[in-house]
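Chain and residue survey
Chain by chain, the residues run as shown.
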Amino acid sequence: MARPTIADIATRAGVSKGAVSFALNGRPGVSDATRERILKIAEQMSWRPHSAARALGASRVDSVGMVIARPARTLGVEPFFAHLLSGVQSGLSAESISLQLLIVEDTAAEIEVYRRWASEHRVDGVILVDLTVKDPRVDALKTLELPAVMIGGRGGKGALPSVWADDRDAMLSIVEYLAALGHRRIAHVAGTPNFQHTQRRIRAVRDAAPRLGLVDAPSLTTDFSDAEGAAITRKLLSQSDRPTAIVYDSDVMAVAGLGVAMEMGVSVPGDLSIVAFDDSILTQLMHPALTALSRDTFDFGRQAAEVLLETIASPIPVINRRTADPVLTVRESTAPPA
């Protein structure tokens, strides 16, 4: 029989998982009557706290951490991260939990932050972003026994808890849409090459090419900056057999690409169709407005916070939550090739 969880107790009691956590840990936030009812249900279900959670619960600091290893310059113009962080903070604030945010230079520096936080018990858990291929942070956090949730990681055997959307299916929806319009030369301006989500998107384009009869479908990697997005676009549009459509891994790079096309006299969507993998106010305010994948990034962050708090309260079972797939929103930047 599966071990009962905080979520099981919440369902039986008809309350939130946060209320169950407050009651089980003797914290304020629920009425005496509700606390008594939750404790009675927990006893009836033979619920017992996980040993690691029990040890941690004795010295909770009501704070979680998030470390981002990206250049601060690129983060400053990324609407995706602004919405994600807002969602995370919303999910934490609902349970009176604070967020510690740090921006560092690389993964090694990020792991050092986790070691310091764990040794000083500065946070109760952490949220990981930008999962890389053979990510060293996963084993480091397991060794530290620091509760964590991965945003974008697809989970699986031996993995940390995760919250994710299917990047492969999302990219396929873009490429199939462009192919249906008649495009056969489709370029992909991708993100950082060692990110797992970048690799999934690249493989999706590569695998779809022969099935859709694409003549050319290169994926060119960048650091997600507007500068590199513009440079790659300029290179692509300078070719004699230039693409008739370009897919960008971020809204910022798509906007930069549109600017280069205008500068070079390439009409959008007359001579070139543009699609952004992320939707934002940027893509909507452009002229022409950019076709983009739309998703509720705020809710994505909120769910990550929720899964982390559940994991802190009860590390078993490991949660692997798939969120709704992004939906393609067609606007003025795409059309059949000339």
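Higher on the page you've got the structure.
Let me begin by describing the structure that accompanies this report. (Residues numbered from 1 in each chain as written. Predicted model: local features only at pLDDT ≥ 70, side-chain atom pairs only at ≥ 80, totals over all residues. Heavy atoms only, no water.)

With that settled, the discussion passes to the overall build of the protein. Each helix and strand in the protein was counted, giving 14 helices and 12 strands. Counting the 338 residues in the protein, one finds 53% classified as buried. Put simply, 71% of the contacts in the protein that link residues at least 6 apart link residues at least 24 apart. Both charge centroids of the protein, one from 36 positive and one from 39 negative side chains, sit 6 Å from each other. (Helix = DSSP H or I, 4+ residues; strand = E, 2+ residues; numbered from the N terminus. Buried < 20%, exposed > 50% of the residue type's maximum accessible area, 1.4 Å probe, protein only. Contact = heavy atoms within 4.5 Å. Lys, Arg positive; Asp, Glu negative; His and termini not counted. Charge placed at Lys NZ, Arg CZ, Asp CG, Glu CD.)

What follows concerns the sheet that holds strand β7 (residues 219–220). Reading across from one edge, β7-β6-β8-β9-β10-β12 is the order of the six strands in this open sheet, with mixed pairing throughout. Lying at the two open borders of the sheet, with one neighbouring strand each, are β7 and β12 (327–329). Here strand β9 (residues 273–276) runs beside strand β10 (residues 291–294); their pairing, made up of two bridges, is parallel. Bridge pairing in β10 places Ala276 opposite Ala292. (Pairing = 2+ DSSP bridges.)

The next thing to look at is the side chain of Ser225. One can find Ser225 in the loop between β7 and α11 (226–237). With a relative accessible area of 2%, Ser225 lands in the buried category. Within the structure, the side chain of Ser225 is placed 2.6 Å from the side chain of Asp223, a separation counted as a polar contact. (Polar contact = N/O pair within 3.5 Å; in protein donor to acceptor, adjacent residues only side chain to side chain.)

Below, the discussion takes up the nonpolar core. Among the nonpolar cores identified, the biggest contains 23 residues, and Met66, Phe81, Leu84, Ile127, Val129 and Ile151 are the most heavily contacted of them. In this view, Val129 contacts Met66, Val67, Ile68, Phe81, Leu84, Arg137 and Ile151; residues no more than four positions away in its chain are not counted. (Core = buried A, V, L, I, M, F, W, Y, C linked by side-chain atoms within 4.5 Å.)

Burial of the side chains of strand β8 (residues 245–248) extends over both faces: Ala245 and Val247 are buried on one face and Ile246 and Tyr248 on the other. Pairing of β8 with β9 involves four bridges; the strand directions are parallel. Along β9, the bridge assignment pairs Ile246 with Ile274.

The next subject is unusual backbone geometry. Most peptide bonds are trans, and most residues other than glycine sit at a negative phi. Along the chain, Val268 connects to Pro269 via a cis peptide bond; the corresponding omega equals 10°. For Pro269, the position within the fold is in the loop between α12 (251–263) and β9. Following His287, the chain continues to Pro288 via a peptide bond in cis, the omega torsion being 5°. We note that Asp130 has phi near 55°; this positive angle belongs to a residue other than glycine. Mapped onto the fold, Asp130 is located in the loop between β3 (125–128) and α8 (136–144). One non-glycine residue, Phe224, lies in the positive phi region at around 75°.

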